[in-house]
Amino acid sequence: MKRYLLFFFGFFLANITFADNYESIEFTKKIDNLKIIKVDDIDYLYIDGSRITTPSDFYVLSIAGKAIIDDTTSYIIWGGSGGTIDSDSNLHYIFVNVDQNKKVTVSKIFPEAYDNSINIINGLIAVKYPNDKPYSDKDDFGYYKYNPNANKMIITNSVKSDAYYEKTFAKYSAKQIVEKMKAEECYLVGNDGLLNFPHSCNYGNGYCYMFKSMKDPIKDQDYDLLKKSCADPYY
């Protein structure tokens, strides 16, 4: 009887060992044989001393997680590219996969997970991600699943489109935008009489997008203030 129990227990442990799992990691620059090295203000990935080609140059990279699916290890890499870290739209994930034969594959750039929350579902890395546009609804989330063995993303639900937001903001008034700014503690007027948009208010990108999406607005005092403050072509 003991022999059967030991056999069952050993079989059970063996199955646990090879089960799919995910480990969230406190952002780090080195794990296993994977290392991040900065050269001339750009972060590069190396495995066993060999540099990995990534889909973009990243001014900052960190290892955010590690998933083991079948015989493939997938490292979730958090990175910033194409601007400054002040803009959330420049923050991404890439997946670096190493199979049992030590073959390395690298994914395209994907949206980063909301609150770094990742799950493994039926052998796929499941990610919930926010719409990173500064004017998006707070509950606007998308979902995708990533297959590290096939190096492929499966979109299960997309975030709301710009067309949706343009249609929504078309009905807005300047007063409505100003009231929203006040509610979000972003109504700051400088000595020059223009709105002052700090980083915490995403430099006003969202509010100016709303303003420029309006159709036939009432041209009142709030309209004039927004028009002057959003005159920069940057918005």
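Keep in mind that this is a model prediction, so the values were computed, not measured.

Conventions used here
Numbers given for residues are sequential positions, taken from 1 along each chain in its written order. In view of the model being predicted, local features appear only for residues whose pLDDT reaches at least 70, and side-chain atom pairs are presented and counted only at 80 or more, with totals across whole chains, interfaces and linings using the full set of residues. Excluded from the side-chain calculation are hydrogens and water; included are all heavy atoms of the structure. In this description, strands pair whenever DSSP reports at least two bridges between them. To qualify as a helix, a DSSP run of H or I must reach at least 4 residues; to qualify as a strand, a run of E must reach at least 2; elements of each kind are numbered from the N terminus. All axes are obtained by fitting lines to C-alpha atoms, using only the stretch in contact for helices, and the reported angles, taken between N-to-C directions, cover 0 to 180 degrees. For salt bridges, the criterion is a side-chain nitrogen of Lys or Arg within 4 Å of an Asp or Glu carboxyl oxygen. A simple rule labels every residue: compare its accessible area, found with a 1.4 Å probe on the protein chains alone, to the largest value its type can have, and call it buried under 20%, exposed over 50%, or partly exposed in between. Confidence scores labelled pLDDT are given residue by residue by the predictor and lie between 0 and 100. We call two residues contacting when some pair of their heavy atoms lies within 4.5 Å. In what follows, roughly perpendicular refers to angles from 65 to 115 degrees, roughly parallel to angles under 35, roughly antiparallel to angles over 145, and oblique to any angle outside these ranges. Each crossing gets its hand from how the near helix is turned against the far one by less than a right angle, where anticlockwise is left-handed and clockwise is right-handed. We call Asp, Glu, Lys and Arg charged. Ala, Val, Leu, Ile, Met, Phe, Trp, Tyr, Cys and Pro are nonpolar, and the rest, Gly among them, are polar.

**Q** I tried to follow the sheet that holds strand β11 (residues 118-121) on my own but got confused; where do I start?
**A** Backbone hydrogen bonds are what pair the strands of a sheet, in a parallel or an antiparallel way. What the 4 strands build is an open sheet, ordered β11-β12-β13-β14; its pairing is antiparallel. Edge positions in the sheet fall to β11 and β14 (152-157), since each has one partner strand and no second. Strand-to-strand twist across the sheet, computed as the mean angle between neighbouring axes with direction ignored, equals 30 degrees. With 5 bridges connecting them, strand β13 (residues 141-147) and β14 associate as antiparallel partners. Note that in β14 the partner of Lys145 across the bridge is Ile154.

**Q** Quick question: what am I supposed to make of the pattern of salt bridges here?
**A** Pairing between side chains of opposite charge can happen when their charged atoms approach one another. As enumerated under the stated definition, the model contains 7 salt bridges in all. A salt bridge links Asp43 to Lys29, with the shortest nitrogen-to-oxygen separation between them at 2.9 Å. Of this pair, Asp43 sits in strand β4 (residues 42-47) while Lys29 sits in the loop between β1 (21-28) and β2 (30-31), and the two are 14 residues apart along the sequence. With relative accessibility at 4%, the residue Asp43 sits in the buried group.

**Q** What am I meant to see in the pairing of strand β3 (residues 34-39) here?
**A** A regular strand carries its side chains on alternate faces of the sheet. With 2 bridges joining them, β2 and β3 adopt antiparallel strand pairing. Along β3, the bridge assignment pairs Lys30 with Lys35. Once β2 ends, the chain turns through 2 residues before running back antiparallel as β3, passing Asp32 with a positive phi of about 50 degrees. Taken together, the 6 bridges between β3 and β4 define a ladder with antiparallel strand orientation. Opposite Ile36, over in β4, you have Leu45 as the bridge partner. Joining the antiparallel neighbours β3 and β4 is a turn of 2 residues, in which Asp40 adopts a positive phi near 50 degrees.

**Q** I tried to follow unusual backbone geometry on my own but got confused; where do I start?
**A** Residues other than glycine predominantly adopt negative phi, and peptide bonds predominantly adopt the trans conformation. In this structure, Asp41 takes a positive phi of about 70 degrees despite not being glycine. Position of Asp41 relative to the elements: it lies in the loop between β3 and β4. Assessed through its relative accessible area of 61%, Asp41 is described here as exposed. With phi around 55 degrees, Asp70 is a residue other than glycine that occupies positive phi space. Locating Asp70 in the fold gives a position in the loop between β6 (60-69) and β7 (72-80).

**Q** How should I be thinking about the sheet that holds β2 in this particular structure?
**A** Read across the sheet, 4 strands follow the order β2-β3-β4-β5 without closing on themselves; strand pairing throughout is antiparallel. The open sheet has two free edges, formed respectively by β2 and β5 (50-52), since each of these has just one partner strand.

**Q** Sorry, what's going on with the confidence of the model for the chain here?
**A** Any segment with low pLDDT has predicted coordinates that should not be analysed in fine detail. Mean pLDDT over the chain works out to 88, with 87% of the residues at or above the 70 mark. In the predicted structure, residues 1-18 sits below a pLDDT of 50 and forms 0 contacts with residues beyond four places in sequence or in another chain.

**Q** What am I meant to see in the side chain of His92 here?
**A** Tracing the backbone shows His92 in strand β8 (residues 91-98). In contact with His92, not counting residues within four places along its chain, are Phe58, Ile77, Trp78, Gly79, Ser81, Ile109, Phe110 and Glu112.

**Q** Would you mind going over the packing of helix α2 (residues 162-169) against helix α4 (residues 205-213) with me for this structure?
**A** Axis angle and axis distance: for two packed helices, these are the angle between their axes and the distance between the axes, and together they describe the pair. Here α2 crosses α4 at 70 degrees, and the two axes come no closer than 8 Å. Between α2 and α4, the crossing angle belongs to the class labelled roughly perpendicular. Considering how the two elements wind past one another, α2 and α4 form a crossing that is right-handed. Between α2 and α4, the contacting residues are Asp162, Tyr165, Glu166 and Phe169 on the first element and Tyr209, Met210 and Ser213 on the second. In terms of residue class, the contact of α2 with α4 is made up of 4 nonpolar, 1 polar and 2 charged.

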